[in-house]
Amino acid sequence: MRKVVNNAQEAIVGIKDGMTLMLGGFGLCGIPENCLDALVDTEVKGLTCISNNAGIDNVGLGKLLRKSQVKKMMSSYIGENKEFERQMFSGELEVELIPQGTLAERIRAGGAGIPAFFVPAGYGTEVQGDKEVREFNGKMHVMEMGLRADFAIVKAWKGDTAGNLIYRHTANNFNNMMAAAGIITIAEVEELVPAGELDPNCIHTPGIFVQRIFQGVDYKKQIEFVTTSE
Amino acid sequence: MSLDKNGIAKRIAQELQDGYYVNLGIGIPTLVANYIPEGMEVTLHSENGLLGIGPFPKKENVDADLINAGKQTVTYIDGASFFDSAESFGMIRGGHVDLTVLGAFEVSETGDISSWKVPGKLVKGMGGAMDLVAAAKNIIVAMQHTDRDGNSKLLKKCTLPLTGVKCVKKIVTDLAVLEVTGDAFKLLERAPGVTVEEIKKATEGTLIIEGEIPEMNI
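Definitions and cut-offs
Residues numbered from 1 in each chain as written. Chains lettered and ligands numbered in written order. Predicted model: local features only at pLDDT ≥ 70, side-chain atom pairs only at ≥ 80, totals over all residues. Heavy atoms only, no water. Helix = DSSP H or I, 4+ residues; strand = E, 2+ residues; numbered from the N terminus. Rg over C-alpha atoms; globule rule 2.2 N^0.38 Å. Buried < 20%, exposed > 50% of the residue type's maximum accessible area, 1.4 Å probe, protein only. Contact = heavy atoms within 4.5 Å. Areas by Shrake-Rupley, 256 points an atom, 1.4 Å probe, with all protein chains shown as cover. Lys, Arg positive; Asp, Glu negative; His and termini not counted. Charge placed at Lys NZ, Arg CZ, Asp CG, Glu CD. Polar contact = N/O pair within 3.5 Å; in protein donor to acceptor, adjacent residues only side chain to side chain. Core = buried A, V, L, I, M, F, W, Y, C linked by side-chain atoms within 4.5 Å. Pairing = 2+ DSSP bridges. Axes fitted to C-alpha atoms, helices over the stretch in contact; angles between N-to-C directions. Buried area = accessible area lost by both parts, 1.4 Å probe. Salt bridge = Lys/Arg side-chain N within 4 Å of Asp/Glu carboxyl O. Nonpolar A, V, L, I, M, F, W, Y, C, P; charged D, E, K, R; others polar.

The helix and strand inventory of chain B stands at 5 helices and 13 strands. In terms of overall dimensions, chain B is globule-like: its C-alpha atoms have a radius of gyration of 17 Å, near the 17 Å expected for 218 residues. If you line up chain B on its principal axes, its C-alpha atoms span 50 × 40 × 30 Å. Scored against the burial criterion, the 218 residues of chain B give a buried share of 57%. Nonlocal contacts in chain B, meaning residues at least 24 apart in sequence, comprise 61% of its contacts between residues at least 6 apart. Element-wise, carbon and sulfur atoms account for 48% of the exposed surface of chain B, whose accessible area totals about 9500 Å². Here chain B contributes 22 positive and 29 negative side-chain charges, whose respective centroids are spaced 6 Å apart.

Let's shift gears to the side chain of Asn53(A). Structurally, Asn53(A) can be placed in the loop between strand E2 (47-50) and helix H3 (61-66). Here Gly27(A) takes part through its backbone nitrogen, which lies 2.7 Å from a polar atom of the side chain of Asn53(A). Ignoring any residue separated from it by four or fewer positions in sequence, one finds Asn53(A) in contact with Gly25(A), Phe26(A), Gly27(A), Leu61(A), Met73(A), Ser75(A), Tyr77(A) and Lys71(B).

Here we take up helix H2 (residues 33-40) of chain A. All names here are of chain A. A large share of H2 lies buried, amounting to 7 of its 8 residues. Every buried residue of H2 is listed here: Glu33, Asn34, Cys35, Leu36, Ala38, Leu39 and Val40. Along its buried surface, H2 packs onto helix H1 (8-11), strand E1 (20-23), H3, strand E8 (149-160), strand E10 (182-193) and strand E11 (212-215).

The next subject is the environment of Gln9(A). Residue and element names in this part refer to chain A. As for its position among the elements, Gln9 is in helix H1. Take Gln9: its relative accessible area is 48%, and that puts it in the partly exposed class. Along the sequence, Gln9 and Asp41 sit 32 residues apart, while their C-alpha atoms lie 9.0 Å from each other.

Before going further, it helps to examine the nonpolar core. As a rule of thumb, nonpolar side chains are buried together in soluble globular proteins. Val141(B) and Ile171(B) are the most contacted members of the largest nonpolar core, which has 49 residues in total. If near-sequence neighbours (up to four positions away) are discounted, Ile171(B) is found in contact with Val107(B), Val141(B), Met143(B), Leu154(B), Ala176(B), Val177(B), Leu178(B), Val180(B) and Phe185(B). Counting 33 residues, the second-largest nonpolar core is a separate cluster that includes Ala11(A), Ile31(A), Leu64(A) and Met73(A).

Residues and elements named next belong to chain A. With respect to topology, 3 strands assemble into an open sheet ordered E5-E7-E6, the strand pairing being antiparallel. At either margin of the open sheet sits one strand with a lone partner, and together these are strand E5 (116-119) and strand E6 (133-136). The average angle at which neighbouring strand axes cross in this sheet is 40°, direction not considered. Note that E6 and strand E7 (residues 139-145) share 4 bridges and pair antiparallel. The residue of E7 that forms the bridge with Glu135 is Met140. Those strands touched by helix H5 (residues 100-111) are E5 and E7, and its axis lies near 155° from that of E5.

Between chain B and chain A, the contact holds 46 residues from the first and 50 residues from the second. Buried area between chain B and chain A, summed over both chains or domains, comes out near 3900 Å², and the portion from carbon and sulfur atoms is 61%. Interface area lost by chain B to chain A is led by Asp65(B), Lys71(B) and Lys124(B), which between them contribute 21%. Summed over the shared surface of chain B and chain A, the result is 5 salt bridges. Between the two partners, chain B and chain A, sit 22 residue pairs in polar contact (both at pLDDT 80 or more). Looking at the side of chain B that touches chain A, the elements that each hand over two or more residues are strand E4 (76-82), helix H3 (85-93) and helix H4 (129-135) of chain B. Looking at the side of chain B that touches chain A residue by residue, the classes come out as 23 nonpolar, 12 polar and 11 charged.

Have a look at this one:
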């Protein structure tokens, strides 16, 4: 029970100016809505945010950007976010674009205690920069570093009081790896149940990776592009 | 007559084989899903963590937790699976996905591809494109042969920032099917009614033309 906190405000205690955060989600799918809202209500600023995307205008991470609480974004794709564009062009916001698979693996590696590894993505492009390159099996690879964060904030479908998490459909995306890469990991879940109620065979993220957990409220689950077959 | 977008997609669908796992990029590549031959088992991979993409949902079945890499709502087929992004790119990097189809701004005769950034224009990021082109087993580029001003997109050397080097194997355009040999574009097929001369004129890079070039059968 020691992991359970009452709400997002309690969960984010300790997040300070200049810290590095990981935020789960792909687009608006599987984002930690409650914690993002709670962060917007604080005066915390100068954050480095590692997140595949940056929300859209005034939704998800877009809200933090609007309040100029973010100093640097590490993402693979920015998406539809005018305020983001404005801050990037004016130089207020530093942006590091990282190939999506490399970003995912850097987070996975960070959580798994692997400081660096080689991938083919980015070789011969501006992503290579001055990184070390090596040939393996006749193919060129670029060295990439594992990533950790002061806080990782993830969103799951179900969780238990031991911190075990289960995601739903494609809302897993970056959440599972980020949970392991946070020095402190906060999980917000749609349904929090007592330990023992989730089938241990079906856990995606084992509770060892989660330090704080709470049941979120009022999920908006906005969809970027509703596409139907008729 | 040059092909429209659906024509390009239809021709690319002929490259599919039974049992293939395929990743389709945004734009024309997505249309390929509409032309998978009847009875052929092709499983579509979405890099945000879904193997077994189904058709777009009916209005009443739209689910915010179920989207494709273009952030559109989708469904999943029987036998589908969900997984995290690291595992998803492991499938690509590990060579488990048989074919990747994606769009491009430019392709060079050595197989380099530019598809993510135009200097001076808004940069949204490379998403998964660099991972896909660097690691996929087989890559087909779907694109128009020339840009809106009539400039060739099949070049000796790419002029825009690269997405990957020496990776494109085949290109299907509105005019032709071409193989990238490593130092040239080899013309394989013409779009119905398009002449070899027209293709030559629209191709800046080295073009290999051997014997009679057949028309696409679509």
